[in-house]
Amino acid sequence: MDYSRPERADRLGAEYVAGTLRGPARRRFESLLPGHPALRGAVQRWQDRLMPLTVTLAPVTPPARVWRRIEARLGLRPAEAPSQAWWARLAFWRVLSGVATAATLALAFVVASPPPAQAPIVVVLSAAAPADQPNAVTPARFVASISADGRAMVTRPLTPVSVQADRSLELWALPPSGAPRSLGVISASGSTVVRRGQVLQGTAALAVTLEPPGGSPSGAPTGPVLYVGKLSS
């Protein structure tokens, strides 16, 4: 099943947050969350939509006779006469019904008016220009799609990339000044999911270097820079 489809991820996220996804289906959904940014994003959006309901409903003060009835049920005061008890029950359920109606209307408004989803940020990484031709136009080789909140990234080669068996590609976040920050080893042939905190924070560009298997042993780039892509300002 393709969980990256926005409609499917949104529906499953809504059912999970609302509590209607139960049993084995709920446990399977929870097991999928760590590996699917689209599902985690859908869950976060629905939590942001529904949690305000707990604070936006105005409190309702029940009549004194309702409290007297509750106290009587708990043995804190003598039971009321049958007619009084009947009216207390009726008042109590009217208050409860009013609160439920308000909650239902608020939920319907939130569901009917969801906030627009933020589009991911896409960075195209092109082959590094030769040292003697810094302004040369080079072909695009990789694309990096970053979630709007900056918490996850997916990289994918646009064309086949050949890498020696004893080498690997490592992705780096380049700040405006200072040392590059490793985002991990990425695949030369398929998609790679990168989750390293706030990917966008303090990042002006992305770069890919050629490193030993498993990545740089020193925590800093050791091989040549193969691909570079700037983040749009």
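Scroll up a little and you will see the structure.
Residues numbered from 1 in each chain as written. Predicted model: local features only at pLDDT ≥ 70, side-chain atom pairs only at ≥ 80, totals over all residues. Heavy atoms only, no water.

A. Quick look at the sheet that holds strand β8 (residues 225-230). Spatial strand order, β5-β4-β7-β8-β1-β2-β3-β6: 8 strands in an open sheet with antiparallel pairing. Both outer strands of the open sheet, β5 (181-186) and β6 (192-194), are each paired with one neighbouring strand and no more. Ignoring strand direction, the axes of neighbouring strands in this sheet form an average angle of 25°. Looking at chain direction, strand β1 (residues 121-127) and β8 are connected through 2 bridges and run antiparallel. Pairing of Ala127 across the sheet is with Tyr227, part of β8. (Pairing = 2+ DSSP bridges. Helix = DSSP H or I, 4+ residues; strand = E, 2+ residues; numbered from the N terminus. Axes fitted to C-alpha atoms, helices over the stretch in contact; angles between N-to-C directions.)

B. Representation of the pattern of salt bridges. Across all of its chains, the model carries 3 salt bridges by this definition. Residue Arg26 pairs with Glu30 through a salt bridge whose shortest N-O separation is 3.9 Å. Taken together, the residues Arg26 and Glu30, both in helix α2 (residues 23-32) and 4 residues apart, mark about one turn of the helix. (Salt bridge = Lys/Arg side-chain N within 4 Å of Asp/Glu carboxyl O.)

C. Seen up close, the packing of helix α1 (residues 6-18) against α2. As a packed pair, α1 and α2 sit with axes 11 Å apart at the nearest point and diverge in direction by 115°. Viewed along their axes, α1 and α2 form a crossing whose handedness is left-handed. Residues Leu12, Gly13, Glu15 and Tyr16 of α1 lie in contact with α2, whose contacting residues are Arg26, Phe29 and Glu30. (Left-handed = near helix turned anticlockwise from the far one by under 90°. Contact = heavy atoms within 4.5 Å.)

D. Here's a closer look at the packing of aromatic side chains. Under the defined criterion, the tally for this structure stands at 2 aromatic pairs. A centroid spacing of 4.9 Å and a plane angle of 35° characterise the contact between Tyr16 and Phe29, whose relative ring orientation is tilted. Of this pair, Tyr16 sits in helix α1 while Phe29 sits in helix α2, placing them 13 residues apart in sequence. Taken individually, Tyr16 and Phe29 each receive the classification buried, so the pair is uniform in this respect. Summarising the aromatic geometry, the rings of Phe142 and Tyr227 are spaced 5.4 Å apart at their centres and angled 50° between planes, so their arrangement reads as tilted. With Phe142 in strand β2 (residues 140-146) and Tyr227 in strand β8, the pair connects residues that are 85 residues apart, well separated along the chain. On the basis of relative accessible area, Phe142 is assigned to the buried category, the value being 1%. (Phe/Tyr/Trp six-rings, centres within 6.5 Å; stacked < 30°, edge-to-face > 60°. Buried < 20%, exposed > 50% of the residue type's maximum accessible area, 1.4 Å probe, protein only.)

E. Region of the structure containing the pairing of strand β7 (residues 205-211). Of all the 7 residues making up β7, 7 are buried; the element is thus mostly covered by neighbouring parts of the structure. Every second residue of β7 is oriented toward a common face, with Ala205, Ala207, Thr209 and Glu211 on one face and Leu206, Val208 and Leu210 on the other, all of them buried. Sheet topology note: the strand β4 (residues 168-174)/β7 ladder contains 7 bridges and is antiparallel. Residue pairing for β7: Ala173 is matched across the bridge by Leu206. Pairing analysis gives 5 bridges linking β7 to β8, with the strands arranged antiparallel. Within β8, the residue paired with Val208 across the bridge is Tyr227.

F. Representation of α1 in the model. Taking 1.5 Å of rise per residue, the 13 residues of α1 would be expected to cover 18 Å, and the 18 Å separating its terminal C-alpha atoms lies within 8% of that figure. Taken as a whole, α1 has its buried residues at Ala9, Leu12, Gly13, Ala14 and Tyr16. Following α1 by one or two positions, Gly19 has its phi on the positive side, about 90°. (Expected span 1.5 Å × (residues − 1).)

G. Broad picture of the side chain of Glu170. Here Glu170 is to be found in strand β4. At 2.6 Å, the side chain of Glu170 and the side chain of Ser182 are in polar contact. A polar contact is formed between the side chain of Glu170 and the backbone nitrogen of Ser216, at a distance of 2.6 Å. Sequence-distant contacts of Glu170, that is, excluding residues within four places in its chain, are made with Ser182, Gly184, Val185, Ala207, Val208, Thr209, Glu211, Gly215 and Ser216. (Polar contact = N/O pair within 3.5 Å; in protein donor to acceptor, adjacent residues only side chain to side chain.)

H. Expanded view of the nonpolar core. Core analysis: the largest hydrophobic core is formed by 21 residues, its most contacted members being Leu125, Met153, Leu169, Leu171, Leu183 and Leu206. Contributing elements (two or more residues each) for this core: β1, β2, β4, β5 and β7. Beyond its immediate chain neighbours, meaning those up to four positions away, Leu169 contacts Phe142, Val161, Val163, Gly184, Val185, Ile186, Ala188, Val208, Thr209, Leu210 and Leu226. Counting 10 residues, the second-largest nonpolar core is a separate cluster that includes Tyr16, Phe29, Leu32 and Leu39. (Core = buried A, V, L, I, M, F, W, Y, C linked by side-chain atoms within 4.5 Å.)

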